[in-house]
Amino acid sequence: MRSHIGLLVVFILALTWINLAAQPSGMRDRGDPERRGGSIKGSVIDSLTQVPLEYANIIVFDTRSGSQVDGTISHEDGHFELAPLRPGIFDIEIKFMGFHARRIEGVRLMPPEMAVDLGTIALRRAVIALEEVEVLAEKPDMVFKIDKKVINVDKQITARSGTAADVLENVPSITVDIEGNVSLRGSSSFTVLIDNRPTLLEPNEVLQQIPASTIDNIEIITNPSAKYDPDGVSGIINIITKKTKQGGISGIVNLKGGLNYNYGGDVLVSYRRENVNTYLGMDYNRRESPGTVESERRTYRDTVASFVNSGGDSRWEWTMYSGKAGVEIGLTPRDLLSLEARGGGRSWGRNKDEDFDAWTEPGAEHNRYRSHSESERTGDFYQGSMDYQHRFDDDGHEVLGKVVAVRYDGDEESATELLDTYKAITSGRRSVEDGPSTRLRFDLDYTLPLNGEKRFEAGYQSRFDRSENASKFYEYDTLSVRYEFRPEFSHTTEYERDIHAIYALYAGALGRLGYQGGLRTEYVDRLVTLVDEDETFTIDRWDFFPTFHMSYGLSEGHQVMASYTRRIDRPRHWYLEPFITWSDAYTVRQGNPSLEPEYIDSYELGYQKHFGPSMISLEAYYRLTHNKVERVQSVYEDNVMLHTVENVGKDYVFGTEVMLSLGLVRWWNINLMGNFYDYRVEGTLYDKDFSEESFNWKVRANNTFKLTKSTRFQVNGFYNSPTVSAQGEREGFCLTDVAVRQDLMNRALSVALQVRDVFRTGKFEFTSEGPDFYSHREFTRKSPRVTLTLTYNFNNYKPERDDTEDRDMFGGDEEF
């Protein structure tokens, strides 16, 4: 019944918008031009590629006095409009970094002609000939918009040898650990989109799967507007993959290989003719990360203390493959239909061989044995999407509909065996989990430009999620010498969740002040069924999420931005399963069906200044999380730890991000980045109040040396400080990477050699402690890591947003 209500709302909204769109333009007249002021509009493009230029500066000067009257920046499609403007004669200056500025003089804005269209304005690239060395202007590593940061990664060398996670390590607010887990501003809860579309895969799995060489840019949206889903503590990472606007056929091929069985490749081919563009892409990547592990564990029960120390070898393995195919058809000059299919699979595994020493006090006898454990997670995914866009005019008045369907089939298996000195199995446990997941999503978005820079947006979105998880547990029987099924630890869970959302936002500008306010409301209908127990858990509620963004241009080259958003982090369905599940011989996990969602209040204040070829940006942020969810540990039985999740209270994050790009000389560029924040978590855990606090900081220095016209050398340094959680602390570490790249055949072919963790300082070390336990573990990766990458583009392949220089050979350091 509740789903029917949501569909009825969709129907009513659709009828309303269709009725509005069908009205003649005169019925939407926004007033007499002379009374509301005049307007000047146009579009800015790259004269070479004909690609629209976003963020170009448009400044209006009074012709007589020479004083600045107004100013704005171009949008994503290159369009701009300045309004309201008083009558007069003006000079218009158009600027964009790396391009020659243009000045249009004597623009008359007089009654009755109070609307001037400058048409398409093409800017020429700045190219300087110096001793036979061609120096092309470079795009900035990071561009700031009112509600997001855009990371330009299209032609970075590391992007050809790593994944999206490797690229993101270049962002000061992001950390990646040895298991590939990504955190954004200290939180591992965020949403990943691919070309603005959701995926059923876990965020970390997505970032580890997508080859960075297939990515054009990455958008970091820490405070998303009301248009976006509010899920995730720290925001959204939107991966924009490469496409091309060139006519005919073009493409790019990447091949890579390295030590420790690291190899892979990808290919993207595009064909465009008139109003039809088709593309096909495929990729395959395999990675291994060998190393050594050490752990120490103590548990206390009554008057007995149990000790387990271990050490040995560990090997992580990742295999990822995927393909995509799509077509974009211009049905009419104002109607665009896009169809896309994606599919692929992945496997992730870890093997460990460790020697154990276990004993108790009081007691003197030591039990020494060897352990072999294996864990593997595999799965295939399939995704189909259809987008339909209708533009009512050329000023941004449009309606966009999207349908996305996703299916994921996943399996997970883990096994742990304890062996005596004769290599006979003394104990063994094996667990198997499998189950399909599906998601169906509908989006309907409407945009109505108003006077000048003002616009109104509204939309409706529905999400339908279904999944099933069947877990089976087997234990080794030394008498029958085989694994026996244990039904008491085997369960089946069904999960259903429907979310219906309505949003509206209003944006505009007052002189140099840009603003955007929005409100989103969501209705959630969730049902979790424990099939074996014939028990259900339901949620039926409304939530509201306000957002606000603003920007202010202090003067030319100076900009201040501020924002506020309210967000939510809903528990994953396996967090809610109240069953005991064995992970290995010493670890069990259990969900918590009473878990409440986290609600987040997020505030940001930023400043940006360009001076010549250099740039500095400062951003302060404050985040308050209510109903903080923490993974916590306790003693299950002697030497066995129970891992579960609890709402422990609140956490507070207050920090500053700094980015400084310096072009000291033509052949040397330095990027200095830092993230400094104070973290505090406090609340109640196991009926006891607690409070933990740490000052965290991450700094990075990238040095790029342009040795010749076609040769680049880079040295990167990185440090990540210690940090705390409710029950533990992770130690800090540092890394140093070097790389060299050589372009050949007029940049059609490039070769890159990359060495990571040159000084072998990469190490993961974590300590957790509670009233009845102590745990310490370390992982040291085998280093250095060496990778060779070959890239070839044919028919002069260029992405939609051409990047004239490679900004970074690494795309990041391997964090832990």
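Per chain, residue numbering runs from 1 following the sequence as it is written. Reporting in this predicted model follows two pLDDT cut-offs: at least 70 for local features of residues, and 80 or more for side-chain atom pairs to be given and counted; totals over whole chains, interfaces and linings ignore these cut-offs and use all residues. Side-chain calculation: all heavy atoms of the structure are included, whereas hydrogens and water are not.

1. Some thoughts on the overall build of the chain
We count a stretch as a helix when DSSP gives it H or I for four or more residues in a row; a strand needs E for two or more, and each element gets its number in order from the N terminus. A tally of helices and strands in the chain yields five helices and 45 strands. Relative accessibility thresholds used throughout: buried, under 20% of the residue-type maximum; exposed, over 50%; partly exposed, between the two (1.4 Å probe, protein chains only). A buried classification covers 54% of the 816 residues belonging to the chain. Residue pairs in contact within the chain that sit at least 24 positions apart in sequence constitute 67% of those at least 6 positions apart. For the chain, the exposed surface amounts to about 35,400 Å²; the carbon and sulfur share of it is 55%. Contacts are assigned to residue pairs that have any heavy atoms within 4.5 Å of one another. Residue exposure ignores everything except the shown protein chains as possible cover, and the areas themselves are Shrake-Rupley values with a 1.4 Å probe.

2. Overview of the sheet that holds strand β5 (residues 88–95)
Pairing between strands is defined by DSSP: at least two bridges between them are needed. Pairing is antiparallel in the open sheet, where four strands are placed in the order β3-β2-β5-β6. Across the chains shown, the open sheet's two edge strands, defined by having one partner strand only, are β3 (68–73) and β6 (102–109). Averaged over all pairs of adjacent strands, the angle between strand axes in this sheet comes to 20 degrees, irrespective of strand direction. Taken together, the six bridges between strand β2 (residues 57–62) and β5 define a ladder with antiparallel strand orientation. Along β5, the bridge assignment pairs Val-60 with Ile-92. For helices, the fitted line uses only the C-alpha atoms of the stretch in contact; every axis is such a line through C-alpha atoms, and the angle between N-to-C directions lies from 0 to 180 degrees.

3. Describing the nonpolar core
Of all hydrophobic cores here, the largest spans 24 residues; its most connected members are Ile-40, Ile-92, Ile-94, Leu-118 and Leu-123. Broken down by element, this core gets its largest block of residues, four residues, from strand β7 (residues 115–123). The definition of a nonpolar core used throughout is a set of buried Ala, Val, Leu, Ile, Met, Phe, Trp, Tyr and Cys residues joined through side-chain atoms within 4.5 Å. One finds Val-176, Phe-190, Val-206 and Ile-218 within the second-largest nonpolar core, a separate group that totals 22 residues.

4. A look at the sheet that holds strand β4 (residues 79–85)
Read across the open sheet, the three strands follow the order β4-β1-β7; overall the sheet is mixed. Two strands bound the open sheet, and with one partner strand each, they are β4 and β7. Taken pair by pair, the neighbouring strands of this sheet meet at an average axis angle of 15 degrees, ignoring direction. Bridge count for strand β1 (residues 38–46) against β4 is five bridges, and the pairing is antiparallel. Along β4, the bridge assignment pairs Lys-41 with Glu-81.

5. Overview of the packing of aromatic side chains
Only Phe, Tyr and Trp rings take part, Trp by its six-membered ring, and two of them pair if their centres are within 6.5 Å. Stacked means planes under 30 degrees apart, edge-to-face means over 60, and tilted covers everything else. Under the definition given, this model contains 20 aromatic pairs. When the centroid spacing of 4.9 Å and the interplanar angle of 40 degrees are considered together, the rings of Tyr-564 and Tyr-603 count as tilted. Taken together, the positions of Tyr-564 in strand β30 (residues 558–569) and Tyr-603 in strand β33 (residues 598–611) put the pair 39 residues apart, joining distant regions of the chain. For Tyr-603, a relative accessible area of 40% gives the class partly exposed. Look at Trp-668 and Phe-705: their rings are 5.6 Å apart centre to centre, the planes differ by 15 degrees, and that puts the pair in the stacked class. One end of the pair, Trp-668, is in strand β36 (residues 668–685); the other, Phe-705, is in strand β37 (residues 688–708), and 37 residues separate them in sequence.

6. Concerning a negative patch on the surface
Where like charges cluster on the molecular surface, the negative patch consists of Asp-532, Glu-533, Asp-534 and Glu-535. Relative to the assigned elements, Asp-534 resides in the loop between β28 (513–530) and β29 (535–555). Overall, the relative accessible area of 72% leaves Asp-534 in the exposed class. Patches draw on residues past 30% relative accessible area with no salt bridge. Two like charges within 9 Å are joined, as are two nonpolar side chains (Val, Leu, Ile, Met, Phe, Trp, Tyr) within 5 Å. We define a salt bridge as a contact between a side-chain nitrogen of Lys or Arg and a carboxyl oxygen of Asp or Glu at a distance within 4 Å. For the purpose of charge, His is not counted, nor are the chain termini; Lys and Arg are scored as positive and Asp and Glu as negative. For charged residues, the charge sits on one atom: NZ in Lys, CZ in Arg, CG in Asp, CD in Glu.

7. Regarding a nonpolar patch on the surface
A grouping of Leu-255, Leu-707, Phe-713, Val-740, Leu-753, Leu-788 and Leu-790 is seen on the molecular surface, where their side chains present a nonpolar patch of about 570 Å² in accessible area. Relative to the assigned elements, Leu-707 resides in strand β37. In this structure Leu-707 comes out as exposed when scored by relative accessible area, which is 55%.

8. Overview of the pairing of strand β16 (residues 236–241)
Judged by how many residues are buried, β16 sits mostly within the fold: six of six residues are covered. Across the two faces of β16 the burial is the same, with Ile-236, Asn-238 and Ile-240 and Ile-237, Ile-239 and Thr-241 all buried.

9. Quick look at the environment of Val-167
As for its position among the elements, Val-167 is in helix α4 (residues 164–168). Separated by 44 residues in the primary sequence, Val-167 and Pro-211 have C-alpha atoms spaced 9.7 Å apart.

10. So, the side chain of Asp-569
For Asp-569, the location among the structural elements is in strand β30. Here Asp-569 sits buried without a salt bridge, and the closest side chain of opposite charge, Arg-572, lies 4.9 Å off (N-O distance). With sequence-adjacent residues up to four places away left out, Asp-569 is seen in contact with Ser-189, Gly-232, Val-233, Pro-597, Glu-598 and Ile-600.

11. Quick word on the pairing of β1
Judged by how many residues are buried, β1 sits mostly within the fold: seven of nine residues are covered. In terms of strand pairing, β1 meets β7 through seven bridges, oriented parallel. By the bridge assignment, Ser-39 is partnered in β7 with Ala-115.

12. Details of the pattern of salt bridges
Tallied over the full model, the rule gives 42 salt bridges. Its salt-bridge partner being Arg-463, residue Asp-231 comes within 3.1 Å of it at the nearest N-O pair. Separated by 232 residues along the polypeptide, Asp-231 in the loop between β15 (215–221) and β16 and Arg-463 in strand β25 (residues 455–477) bring together distant segments of the chain. Each member of the pair, Asp-231 as well as Arg-463, carries the same accessibility label: buried. Among the salt bridges present, the one from Arg-315 reaches Glu-288, with a minimum N-O distance of 2.2 Å. Of this pair, Arg-315 sits in strand β20 (residues 304–332) while Glu-288 is found in strand β19 (residues 276–301), placing the two residues 27 residues apart along the sequence. Here Glu-288 falls in the buried class, since its relative accessible area comes to 5%.

13. Observations regarding the confidence of the model for the chain
pLDDT: the predictor's confidence for each residue, scored from 0 to 100. Looking at the chain as a whole, the pLDDT averages 81, with 86% of positions reaching at least 70. Taken together, the stretch residues 1–36 has pLDDT below 50 and engages in 42 contacts with residues farther than four places along the chain or on a different chain. In this model, residues 798–816 is a region of pLDDT below 50 whose contacts with residues beyond four sequence positions or in other chains number 123 contacts.

14. Section: unusual backbone geometry
Cis geometry is found at the peptide bond from Glu-361 to Pro-362, where omega equals 0 degrees. In this structure, Pro-784 follows Ser-783 across a cis peptide bond, with omega equal to 0 degrees. For Pro-784, the position within the fold is in the loop between β44 (773–781) and β45 (785–794). With a phi angle near 50 degrees, Asp-534 is a residue other than glycine that sits in the positive phi range.

15. A closer look at the environment of Gly-265
With respect to the helices, strands and loops of the structure, Gly-265 is situated in strand β18 (residues 262–273). Through-space distance from the C-alpha of Gly-265 to that of Ser-213 is 9.2 Å; in sequence the pair is 52 residues apart. The contacts of Gly-265, once residues within four sequence positions are left out, are Asn-254, Leu-255, Met-282, Asp-283, Tyr-284 and Asn-285.

16. Observations concerning the environment of Gly-42
Examined against the element boundaries, Gly-42 turns out to sit in strand β1. Gly-42 sits in the buried class, given a relative accessible area of 3%. Measuring from C-alpha to C-alpha, the distance between Gly-42 and Val-116 comes to 8.6 Å, with 74 residues separating the pair along the chain.

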